[in-house]
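A look at the structure
Chain by chain, the residues run as shown.
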Amino acid sequence: TQLLEQSPQFLSIQEGENLTVYCNSSSVFSSLQWYRQEPGEGPVLLVTVVTGGEVKKLKRLTFQFGDARKDSSLHITAAQPGDTGLYLCAGAPVYSGYALNFGKGTSLLVTP
Amino acid sequence: GAVVSQHPSWVICKSGTSVKIECRSLDFQATTMFWYRQFPKQSLMLMATSNEGSKATYEQGVEKDKFLINHASLTLSTLTVTSAHPEDSSFYICSAAGTESNYGYTFGSGTRLTVV
């Protein structure tokens, strides 16, 4: 059972376009995290959202945590080829301690 | 910042042999370490949770006799793939949580295992 449903799974866009990645669940999470992973490397943490309704910005990336703490989104403005990678949302449901569960990931390709 | 070192980065072994992967927290004490497995173009699947000084907790479907986890100290956890088979070929990644918070997990750089 996939706790976190992430969409879309694949996204190919041109430089300068905007995009949004969604991460949804029926479970409540104490926090959700977004990671970016390059091929052959471990995931690198981008942001942690903790409070329902929270919005965090990291340069051209905007992260939002749903009011009910069941979903999150990542919006990238004016995508660059350097944004290419696998984006993963992850969280630990409130009932399960703090082992992270990952979404299936969104593979983003930004072409010049 | 927190650093987790994973070794080796890649390994090729013959079917039937065992392979040990190390995960070390370099500048913090990791009370809990997690082991994940990742197939190409797929997400990370949690295999087990390892607490220092106690037995690991395995996820459903993960054979504990095949994937031996030892967390003997607050800075080191090891995963041993015993009697490896080609289907065990995968990317294995560890992560560590410090003693202070359950936020900001730090991941190792992963180990690419190829069983021939």
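Residues numbered from 1 in each chain as written. Chains lettered and ligands numbered in written order. Predicted model: local features only at pLDDT ≥ 70, side-chain atom pairs only at ≥ 80, totals over all residues. Heavy atoms only, no water.

Per the counting criterion, the structure on display carries 2 disulfides over all chains. A sulfur-sulfur distance of 2.0 Å marks the disulfide that ties C23(A) to C89(A). Handedness of the C23(A)-C89(A) disulfide follows from its S-S torsion of about 75°: it is right-handed. In this pair, C23(A) sits in strand 3 (residues 19–24) while C89(A) sits in strand 9 (residues 85–93), placing the two residues 66 residues apart along the sequence. When sorted by exposure, C23(A) lands in the same class as C89(A), which is buried. Between the sulfur of C23(B) and that of C94(B) lies a disulfide, 2.0 Å long from S to S. (Disulfide = S-S within 2.5 Å. Helix = DSSP H or I, 4+ residues; strand = E, 2+ residues; numbered from the N terminus. Buried < 20%, exposed > 50% of the residue type's maximum accessible area, 1.4 Å probe, protein only.)

This part is about the pattern of salt bridges. Counted under the stated rule, the structure contains 5 salt bridges over all chains. The partner of E22(B) in a salt bridge is R24(B), with the nearest N and O atoms 3.4 Å apart. (Salt bridge = Lys/Arg side-chain N within 4 Å of Asp/Glu carboxyl O.)

Residue and element names in this part refer to chain B. If you trace the backbone, T57 turns up in strand 6 (residues 57–58). The exposure class assigned to T57 is partly exposed, which follows from its relative accessible area of 46%. Sequence-wise, T57 and M33 are 24 residues apart; in three dimensions their C-alpha atoms are separated by 11 Å. Discounting chain neighbours no more than four positions away, the residues touching T57 are M47, A48 and T49. (Contact = heavy atoms within 4.5 Å.)

Looking now at the interface of chain A and chain B. Think of interface size as the accessible area that goes away when the parts come together; that is how it is often given. Counting residues at the interface gives 22 residues for chain A and 20 residues for chain B. If you look at where chain A meets chain B, you find 0 salt bridges. Breaking the side of chain A that touches chain B down by element, the ones donating at least two residues are strand 4 (29–37), strand 5 (44–49) and strand 9 of chain A. Among the elements that make up the side of chain A that touches chain B, the one with the highest residue count is strand 4 of chain A (5 residues). Of the residues contributing to the side of chain A that touches chain B, the split by class is 11 nonpolar, 9 polar and 2 charged. (Nonpolar A, V, L, I, M, F, W, Y, C, P; charged D, E, K, R; others polar.)

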